[in-house]
Amino acid sequence: MRPLTHLQRLEAESIHILREVVAEAQRPVMLYSVGKDSAVMLHLARRAFYPAPPPFPLLHVDTTWKFQAMYALRDRAAHEAGMKLLVHRNPEALERGINPFDHGPLHTDMWKTQGLKQALDLHGFDAAFGGARRDEEKSRAKERIFSFRTASHGWDPKRQRPELWNLYNARKNRGESIRVFPLSNWTELDIWQYIMAEQIEIVRLYIAAERPTVERDGLLLMVDDNRFTLQPGEEVRMRSIRFRTLGCYPLTGAVESRAASLPEVVQEMLLTTTSERQGRAIDKDEGGAGMEKKKQEGYF
Amino acid sequence: MADLPPLETDPVYRTDALITEDIGAYLEQHQNKGLLRFITCGSVDDGKSTLIGRLLYDSKMIFEDQLAALEADSKRMGTQGQEIDFALLVDGLAAEREQGITIDVAYRFFSTEKRKFIVADTPGHEQYTRNMVTGASTADLAVILVDARKGVLVQTRRHSYLAHLIGIRHIVLAVNKMDLVGYDRARFEQIVANYRAFASGIGIEHFTALPLSGFRGDNITAAPSENTPWYGGPSLIEHLETVELAATAAQERAFRMPVQWVNRPNLDFRGFAGLVASGSVKPGDPVRIVPSGRTSTVARIVSMGGDLEQAVAGQSVTLTLADEVDCSRGDVIAAAGDPPASADQFEATVVWMADEALIPGRAYWLKLATQTVSASIAQPKYEIDVNSREHLAAKVLDLNAIGVAEVTTERPITFEPYDQSRQLGGFILIDKLSNATVGAGMLHFALRRAENVHWQALDVDRAAHAQAKAQQPMVLWFTGLSGSGKSTIANLVEKKLHAAGRHTFLLDGDNVRHGLNKDLGFTEADRIENIRRVGEVARLMTEAGLIVLTAFISPFRAERAMVRSLLAEGEFVEIFVDTPLSVAEERDVKGLYRKARAGKLKNFTGIDSPYERPEAPEMRIDTTTTSPEDAAEAIAARVLGPWSPVL
């Protein structure tokens, strides 16, 4: 007898979920955000279907405001996995020049929430893998692994299907689609350990380095390109920083850190006392119920 | 922050010192932890959320920002005065935070030096039996909370019974709120004795009882606490760290892997992907494919990092076999010498989880491991009162009801009794119309009833009847919307066949509804029964050697498939009379569409009840391009030709 470790069991569960969806859905797609969770999810998909490439495309819902390093890794990772990469940018947001500096919450709504709905409708995807974890946030803790969305992509927490054993019901009604979260039971520490154990490539921004930064509204922002306009009194300073979560660079706060290797990053994470999503501006809207509300509106 | 001392120095939790001094050693240790999944059950006031909040807090899974938000929330909600209300941390959704109850299953994570834990937190309310069953289905252990002031309540019995029913072998009786009874040893022992008397009655042979205070932290991480010097057992955490894991025990049993997906990237590779349900497997092991019974040997266990030498229960793997044998999703690859059985009729415990009651006889999708089949549940033998465990008579099962009933599947499925294998004995039921998961069940054993009923040996058998009529018996099943032209075409076909000397009979709504089925109305259950009876009558007529023509809307694929399964291969001929709704409605020969649109007819197919188009009918008639006469001619020609092999 050889007891499996928790990482082996998590890996097996995630692979099982990925395969169930491919066996039962008509047009699955994997949402790929280029973050560390996406990296793990993509790696698990490659393991699940090896030696074949994963039998679905990757979809990046782009906002044009991601870190440059993310775009570079995105294209390389898709190529290495032998998967088709679809990039969707909300044409209306593009036309109206929606940006995080001038438009606040509208930026997230139009590029991400509306952009995601558009992309899923455009390609007729009926199941979309996402890298969300239950330990991230309170309303995630109650979400099913197979989470159904109405034709307008809304989430109704009171009408979730019971999920027993490892039996997933992937049958859906006309117009409905499924969000599937293969990493539901992983914690942040599990993700880091798996990245180290499997030597999965992640964006270097997770590791500390000297980078140009500006302090704004209590967040430490990185000046990633020349669209970043300084406000009066602001100055660009080089600081040793890293990111705990990656999104649109003008909305993602860095932490000052000297952790120049993965074990050091994990060390800091374990000793740190603020939760992961703290660096993101989006969760703070609407008080504690912000994420639940966003999901009912169709945010992933 | 309130009066909850953080137990930073406690050795069972991760030591900051090790992380600071040797992160490599810490990671190595964490890398090799096992995983225990458990469920906490308790009533609203048993302090369950507080206990979970405490476990998260003590294991430092709560960060400062969350704690700050929690403090603010606690003051705003005012449920614990000025003190921190840990329940707020666990009760996630806005709706339930307002109502102060947990309404769904939530999953929480924490870890100690030895194990990682996933906690399913489920509510104690009676109407939420389904949530507890859901949370318990993946758990190795159940923590049953009891308020020390109240002792063993009806809810305690219910939770224990459900945990036992779902096959949880490790039961923890957590006598909580000991601080509120002055840590009284006699009170604790009295509760344990009461519980033991009840537990042995339902077959729980072992349980571990602990005196706790989730709020004060007694006996959570270390035991005995200062307040309970009389307690000689382990702390809650110590116990959770040492119980045997079900996944490990499953490795001891015979090998089974339900096939999830056949991996065929090219002609040279054919891999069978699945999660090993039990046992272990190595290259060279002889295996049998169930249900076909074909045997082969395992050639490779393919993995991206290089082939594996062995795979065990709980791992997701890809196997290749030495021989080209037929094997697809739904099959089970098993130890050649000890394969699981297949059957199509079972006794099972069914837990009903939908607002709409279980309809006996209706076809549902049954999903067990990777097999999905059409199945029906007979009228329950009895319903179980989860509080008293009395057997009650029941015609249906309502939301949260648990009953024992016969389950019949349209084709044999590979299974094991639930008490031997959750993976091959647990199933879910899916409504064919709403696609919702409406029930779950646990197979007890197969009913070999078909072997017990000895069919009367008929000297004049079906072959003799067919021979006498010199024809191939069959059922021409016309399906389509009301007003599509089914009866018109079927009548014309019958005339042509009769003219050609064939023995025929036409069953349609009019001659069946007025006699055989005059007791049936138009509810969903009645419509299903209507088609079932028509199917049975048609089958008897084919036994008599007849060519039967039926003209029924028969809107549901499942019911048509059910009739098809009654008949011998090739004897069910599905003819789809395809008329667009707009055309049928325009014709409206009987004025029914007008009534339905006016709301005078309920459940009218095409208007407020769906029509499921045949996916692969033997023949499709497009009535917008083909006249009834031409259609009948084409059908008759096939009956007399290709559909009737020479007898």
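Reading guide: rules and limits
Residues numbered from 1 in each chain as written. Chains lettered and ligands numbered in written order. Predicted model: local features only at pLDDT ≥ 70, side-chain atom pairs only at ≥ 80, totals over all residues. Helix = DSSP H or I, 4+ residues; strand = E, 2+ residues; numbered from the N terminus. Contact = placed C-beta atoms within 7 Å. Buried ≥ 20, exposed ≤ 12 C-beta atoms within 10 Å, placed from the backbone. Domains from an automatic or database assignment. Nonpolar A, V, L, I, M, F, W, Y, C, P; charged D, E, K, R; others polar. Axes fitted to C-alpha atoms, helices over the stretch in contact; angles between N-to-C directions. Parallel < 35°, antiparallel > 145°, perpendicular 65-115°, else oblique. Pairing = 2+ DSSP bridges. Core = buried A, V, L, I, M, F, W, Y, C linked by C-beta atoms within 7 Å. pLDDT = per-residue confidence, 0-100. Expected span 1.5 Å × (residues − 1).

Now for the overall build of chain A. Tallying secondary structure elements over chain A gives nine helices and ten strands in all. Considering only contacts in chain A between residues 6 or more positions apart, those separated by 24 or more positions represent 76%.

For chain B, the count of helices and strands is 21 helices and 28 strands. The buried share among the 647 residues of chain B stands at 46%. Expressed as a percentage of contacts within chain B between residues at least 6 apart in sequence, the contacts between residues at least 24 apart total 72%.

The next point concerns unusual backbone geometry. The omega torsion of the bond from Y50 of chain A to P51 of chain A falls at 5 degrees, within 30 degrees of zero and hence cis. As for its position among the elements, P51 of chain A is in the loop between α2 (36–49) and β2 (58–62). In this model, V290 of chain B is joined to P291 of chain B through a cis peptide bond whose omega is 15 degrees. Along the chain, P291 of chain B falls in the loop between β11 (286–290) and β12 (295–302).

Here the focus is the domain arrangement of chain B. Residues and elements named next belong to chain B. With domains assigned, chain B is organised as domain 1 (16–246), domain 2 (253–335), domain 3 (341–452) and domain 4 (462–640). Taken over C-alpha atoms, the centre of domain 3 sits 31 Å from the centre of domain 4. Taken together, the residues of the side of domain 3 that touches domain 4 break down into two nonpolar, two polar and three charged.

In this section: the domain arrangement of chain A. By convention, interface size is frequently given as the accessible area that disappears when the constituent parts associate. Residues and elements named next belong to chain A. In terms of domains, chain A is made up of domain 1 (6–190 + 289–296) and domain 2 (204–282). Here domain 1 and domain 2 have C-alpha centroids that lie 24 Å from each other. Secondary structure elements with two or more residues in the side of domain 1 that touches domain 2: α3 (68–81) and α5 (100–103). With three residues, α3 is the largest single contributor of residues to the side of domain 1 that touches domain 2. Of the residues in the side of domain 1 that touches domain 2, the class split is seven nonpolar, four polar and five charged.

In the contact formed by helix α8 (residues 262–271) of chain A and helix α2 (residues 23–31) of chain B, the axes pass within 10 Å of each other and the chain directions differ by 80 degrees. Accordingly, the angle class assigned to the pair α8 of chain A and α2 of chain B is roughly perpendicular. Residues P263, E264, V266 and Q267 of chain A of α8 of chain A lie in contact with α2 of chain B, whose contacting residues are I23, G24 and L27 of chain B.

Before going further, it helps to spend a moment on the interface of chain A and chain B. Contact residues are listed per partner, giving 57 residues for chain A and 64 residues for chain B. When residues of the side of chain A that touches chain B are traced back to their parent elements, those giving at least two are α1 (6–24), α2, α7 (188–198) and α8 of chain A. Here the side of chain A that touches chain B is built from residues that sort into 24 nonpolar, 17 polar and 16 charged.

With that settled, consider the sheet that holds strand β6 (residues 208–211) of chain B. Backbone hydrogen bonds hold the strands of a sheet together, and the pairing may be parallel or antiparallel. Residues and elements named next belong to chain B. Ordered in space as β2-β3-β1-β4-β5-β6, the six strands form an open sheet in which the pairing is mixed. A single partner strand is all that each edge strand has here, and the edge strands are β2 (106–111) and β6. Across the sheet, the mean angle from the axis of one strand to that of its neighbour is 25 degrees, orientation sign disregarded. Along the sheet, helix α3 (residues 48–58) makes contact with β1 (34–41), β2, β3 (115–121), β4 (141–147) and β5 (170–176), crossing β2 at roughly 35 degrees.

Here we take up the nonpolar core. M30 of chain A together with A142, I144, A174 and V175 of chain B are the most contacted members of the largest nonpolar core, which totals 197 residues. Once residues within four sequence positions are removed from consideration, A174 of chain B is found in contact with V143, I144, L145, V146, L210, L212 and L236 of chain B. In this structure, A490, A538, I547 and A632 of chain B belong to the second largest nonpolar core, which totals 38 residues.

Taken together, four strands build an open sheet; the order of strands is β8-β7-β9-β10 (chain A) and the sheet is antiparallel. Edge positions in the sheet fall to β8 (219–222) and β10 (255–256) of chain A, since each has one partner strand and no second.

Let's shift gears to the confidence of the model for chain A. Of the residues in chain A, 89% reach a pLDDT of 70 or more, and the chain-wide mean stands at 88. pLDDT under 50 marks residues 281–288 of chain A. Its contacts with residues more than four places away, or in other chains, come to eleven contacts.

Turning next to helix α8 (residues 154–165) of chain B. An α-helical turn contains 3.6 residues, so any two residues separated by three or four positions project in the same direction. Residues and elements named next belong to chain B. Helix length check: α8, at twelve residues, gives a terminal C-alpha distance of 16 Å against a target of 16 Å (1.5 Å per residue), a fit within 8%. Across the twelve residues of α8, ten count as buried, placing the element largely inside the fold. Restricting attention to buried positions, one finds in α8 the residues Q155, T156, R157, R158, H159, S160, Y161, L162, A163 and L165. Against the buried residues of α8 lie β1, α7 (129–136), β4, β5, α9 (185–201) and β16 (341–352). G167 sits one or two positions beyond α8 and adopts a positive phi of about 90 degrees.

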